[in-house]
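Fold and geometry: a report
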Amino acid sequence: QGYAMLLAVNYGDRPTFEQLWRWTRQNLQVRGDKLLAWRWTPKDGVTDKNNASDGDLLVAWALLRAYNKWHAADFLTASRAMAQDIRAKLVQQTTHGVILLPAAEGFSKRDGDAINLSYWVFPALDEIGQADPSPQWKALADNGIAVLKYARFGRWGLPPDWLTLKTTSVPDDGLSDRFSYNALRIPLYLLWSRRETPALLQPYRDFWSYFGGARFLPAWTNLKSDCVDSYDASLGIHRLAQWVMDYPRVPAALPDTPEKTEGYYSSSLLLLSEMAMHERQQASARRP
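Residues numbered from 1 in each chain as written. Predicted model: local features only at pLDDT ≥ 70, side-chain atom pairs only at ≥ 80, totals over all residues. Heavy atoms only, no water.

Thoughts on the overall build of the protein
Regarding its fold elements, the protein presents 10 helices and 10 strands. Over its C-alpha atoms the protein spans a radius of gyration of 19 Å, differing by no more than 12% from the 19 Å that the globule rule assigns to 288 residues. Seen through its C-alpha atoms, the protein measures out along the principal axes to roughly 50 × 50 × 50 Å. Split into buried and exposed, the 288 residues of the protein put 53% on the buried side. Looking at the protein alone, contacts between residues at least 24 apart form 61% of all its contacts between residues at least 6 apart. (Helix = DSSP H or I, 4+ residues; strand = E, 2+ residues; numbered from the N terminus. Rg over C-alpha atoms; globule rule 2.2 N^0.38 Å. Buried < 20%, exposed > 50% of the residue type's maximum accessible area, 1.4 Å probe, protein only. Contact = heavy atoms within 4.5 Å.)

What about the packing of helix 7 (residues 185-193) against helix 10 (residues 264-286)?
Interaxial distance between helix 7 and helix 10 falls to 9 Å at its minimum, and their mutual angle equals 20°. With respect to their mutual orientation, helix 7 and helix 10 come out roughly parallel. Considering how the two elements wind past one another, helix 7 and helix 10 form a crossing that is left-handed. For the pair formed by helix 7 and helix 10, the contact residues are Arg 185, Leu 188, Leu 191 and Trp 192 on the first element and Tyr 265, Leu 269, Leu 272, Ser 273, Met 275, Ala 276, Glu 279 and Arg 280 on the second. (Axes fitted to C-alpha atoms, helices over the stretch in contact; angles between N-to-C directions. Parallel < 35°, antiparallel > 145°, perpendicular 65-115°, else oblique. Left-handed = near helix turned anticlockwise from the far one by under 90°.)

Examining the side chain of Asp 132
Here Asp 132 lies in the loop between helix 5 (122-127) and helix 6 (135-150). Here the side chain of Asp 132 touches Arg 87 through a polar contact of 2.5 Å, side chain to side chain. Filtering out sequence-adjacent residues up to four positions away, Asp 132 remains in contact with Ala 83, Gln 84, Arg 87 and Trp 137. (Polar contact = N/O pair within 3.5 Å; in protein donor to acceptor, adjacent residues only side chain to side chain.)

Digging into the layout of surface pockets
Its volume calculated, the largest pocket comes out at about 830 Å³. In terms of residue class, the lining of the largest pocket is made up of 20 nonpolar, 7 polar and 4 charged. (1 Å grid on protein atoms, 1.4 Å probe; cavity = no way out; pocket = protein on both sides within 12 Å on 5 of 7 lines; lining within 4 Å. Points joined across faces, edges and corners; volume = space filled by probe spheres on them. Nonpolar A, V, L, I, M, F, W, Y, C, P; charged D, E, K, R; others polar.)

A word on the packing of helix 9 (residues 235-246) against helix 10
Across the interface, helix 9 lies against helix 10 with an axial gap of 7 Å and an inter-helix angle of 30°. Between helix 9 and helix 10, the interaxial angle falls into the category roughly parallel. Where helix 9 abuts helix 10, its residues Leu 235, Gly 236, Ile 237, Arg 239, Leu 240 and Trp 243 lie against Tyr 265, Ser 266, Leu 269, Leu 270, Ser 273, Glu 274, Ala 276, Met 277 and Arg 280. The residue inventory of the contact of helix 9 with helix 10, partitioned by class, reads 9 nonpolar, 3 polar and 3 charged.

Here you go:
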């Protein structure tokens, strides 16, 4: 829902945006706060009222952008209410700094907090303060960058999909010991927010460039054994990898791709990458 709403704003499709938001509000904003239930099925409706903080953040960000584009005050009001509940229930001060819990329940444990660094949607964190002015958003974004500097594992020094913050931080065995479909989004959000540095991008460059002459590009690697996926990654992953490896140059736009060739994950990653590249180019053009 968050991705679709964000893309609808980007393409100026207000009817689709309002339809998406109406459905989301009616079917997922049912917890008693402004966060969204993360699991819904056509047959049973909501089957788990716990939230997913990246989804909440994406929807709040999309609402803010919708307000900035169409100036409907109710979009700003809804964005602010969601952002305030994200801060109240998911942003937490720890010995590792300010963190974003993946959900309101289930991730703060006695032996450490489990986090997902791809939930730090850096461009959203940089903008959401327009709806909810608070120094916590910058502190959260800054600490996400700080954690990325030491959350490096395996042959290529990559972040895991899930990380447990203990005295020494480790990949979360119970959730994932891979750099995979979650952590893949981290370099996208770094580039989109212009928070990247050559050092922050180097692990992804090292991993993807290692397979530059191979017949396929793996979508994941196990951070303990360094084994990799035996199948070629999707077009969306190839597109993001191309941007990272071509950095600081932004690759040329892709021609239209038949929808039937790509699934949800690849299509959303492809569209978001194109959106982020365009916004980055626009920001560069505005600089004197």
